[in-house]
Amino acid sequence: MDFIDTHCHLYWADFSNDLPDVFQRARAAGVRRFIIPATDLNTFEAAAEIAATEPDVWITAGVHPHDAANVGDDIIEHLRQAARHPKVVAIGEIGLDYYYDFATPQVQQQLLHAELELAKELDLPVIIHNRDSDEDLIAIVKEHQNGTLRGQFHCFSSSAAYATRVLDTGFHISFTGNVTYKKSTLDPVLSLIPDNRLLMETDAPFMAPGKLRGKRNEPSYIPQIAEYFAWMRHQTVQHIATITTTNAERLFRLDTRGATRDH
């Protein structure tokens, strides 16, 4: 069966010594395509370097809310230029994060408004980061939703009621190894996501699943997350692989970008 890891930060230093092995293990586990989201212009360049040698790797262009205070007035033009890269499939990772104070809410919101408008201009989906910012984030997304805005709320950790509101905006939802943790409260959320809105990710190197928690996460662990999805949703792992792959292909238009090599 084939999987797509829709969110893995493979440019992190954690992978500097064994990235070829990471890809080999992932492909052996059935992970056939990878989306590497940028968090700023430097990580965009790093992701692009990986994508240049890996035909099944796709990338994004965006500024993470942690970095919102570190960009100039010309950031949107820089992102517009970056998005011309043939491997770019989304604007992201963008959003709001009120847990840390690397940037004020006002600065984060101003950048998010501009990035959402850029995504609509370029007809690209967005990858949304959310931490402790539920109400402001959903309000901004709804403000910009004109029927064309689409994307992924990644590493979802909010309530079932909030998930319903996210789905009502037309967005997809993905989970990482966080759903497998003993103290997780996400089981009812995972259960309610419709088949056509569910995505899978690792958020590597973070959020390793199950008994691997606290260790480096990597795309080869996707099947472990899929097994939990299947168990909680009373579906087969094959069904999970099929629906999440189809959803990722459609959202990020991977099915129109040519076949990847056979591993």
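Residues numbered from 1 in each chain as written. Predicted model: local features only at pLDDT ≥ 70, side-chain atom pairs only at ≥ 80, totals over all residues. Heavy atoms only, no water.

A. A look at the overall build of the protein. For the protein, the helix and strand inventory stands at nine helices and eight strands. On C-alpha atoms alone, the protein measures out to a radius of gyration of 17 Å, which is about the 18 Å that the 2.2 N^0.38 rule sets for 263 residues. When its C-alpha atoms are laid out on the principal axes, the protein stretches across 45 × 40 × 35 Å. Across the protein, the fraction of contacts at a sequence separation of at least 24, relative to all contacts at a separation of at least 6, is 74%. With an accessible surface of roughly 11500 Å², the protein has 50% of that area assigned to carbon and sulfur atoms. Here the protein contributes 24 positively and 36 negatively charged side chains, and the mean placements of these two sets differ by 6 Å. (Helix = DSSP H or I, 4+ residues; strand = E, 2+ residues; numbered from the N terminus. Rg over C-alpha atoms; globule rule 2.2 N^0.38 Å. Contact = heavy atoms within 4.5 Å. Areas by Shrake-Rupley, 256 points an atom, 1.4 Å probe, with all protein chains shown as cover. Lys, Arg positive; Asp, Glu negative; His and termini not counted. Charge placed at Lys NZ, Arg CZ, Asp CG, Glu CD.)

B. How the structure looks around unusual backbone geometry. The peptide bond linking Gly92 to Glu93 adopts the cis configuration, its omega dihedral lying at 10 degrees. Tracing the backbone through its elements, the reader meets Glu93 in strand E4 (residues 88-97). The residue after Ala204, namely Pro205, is reached through a cis peptide bond having omega 10 degrees. Mapped onto the elements, Pro205 comes out in the loop between strand E8 (198-200) and helix H8 (222-233). The phi dihedral of Arg253 falls on the positive side, at around 55 degrees, and the residue is not glycine. Here Arg253 lies in the segment after helix H9 (237-251). Arg253 sits in the partly exposed class, given a relative accessible area of 34%. (Buried < 20%, exposed > 50% of the residue type's maximum accessible area, 1.4 Å probe, protein only.)

C. Layout of the environment of Pro105. Mapping Pro105 onto the fold places it in helix H4 (residues 105-122). Put simply, Pro105 and Ser133 are 28 residues apart on the chain and 9.1 Å apart in space, counted from C-alpha to C-alpha.

D. Inspection of a nonpolar patch on the surface at higher detail. On the surface, a nonpolar cluster with roughly 260 Å² of combined accessible area is contributed by Trp12, Phe206 and Met207. Positionally, Phe206 belongs in the loop between E8 and H8. (Patch = residues over 30% accessible without salt bridge, like charges linked within 9 Å, V, L, I, M, F, W, Y side chains within 5 Å. Salt bridge = Lys/Arg side-chain N within 4 Å of Asp/Glu carboxyl O.)

E. Representation of the pairing of strand E5 (residues 126-131). With five of six residues buried, E5 lies mostly within the body of the structure. Relative to E5, E4 runs parallel, the two being bridged by five bridges. Note on E5: the bridge partner recorded for Ile91 is Val126. In the classification by handedness, the crossover that spans E4, the intervening H4 and the parallel E5 is right-handed. Inspection of the sheet shows E5 paired to strand E6 (residues 151-153) by three bridges, in the parallel sense. (Pairing = 2+ DSSP bridges. Right-handed = clockwise from strand over helix to strand, strands pointing away.)

F. A look at the confidence of the model for the protein. Of all residues in the protein, 97% have pLDDT values of 70 or greater, and the mean over the chain is 96. In this model residues 259-263 is a low-confidence stretch, pLDDT under 50, and it forms ten contacts with partners more than four residues away in sequence or in other chains. (pLDDT = per-residue confidence, 0-100.)

G. Focus on the packing of H8 against H9. At a minimum axis distance of 8 Å, the contact between H8 and H9 shows a crossing angle of 110 degrees. Put simply, H8 runs roughly perpendicular to H9. Side by side, H8 and H9 meet where Ala226, Glu227, Phe229, Ala230 and Arg233 of the first sit next to Val237, Ile240 and Ile243 of the second. Counted by class, the contact of H8 with H9 contains six nonpolar, no polar and two charged residues. (Axes fitted to C-alpha atoms, helices over the stretch in contact; angles between N-to-C directions. Parallel < 35°, antiparallel > 145°, perpendicular 65-115°, else oblique. Nonpolar A, V, L, I, M, F, W, Y, C, P; charged D, E, K, R; others polar.)

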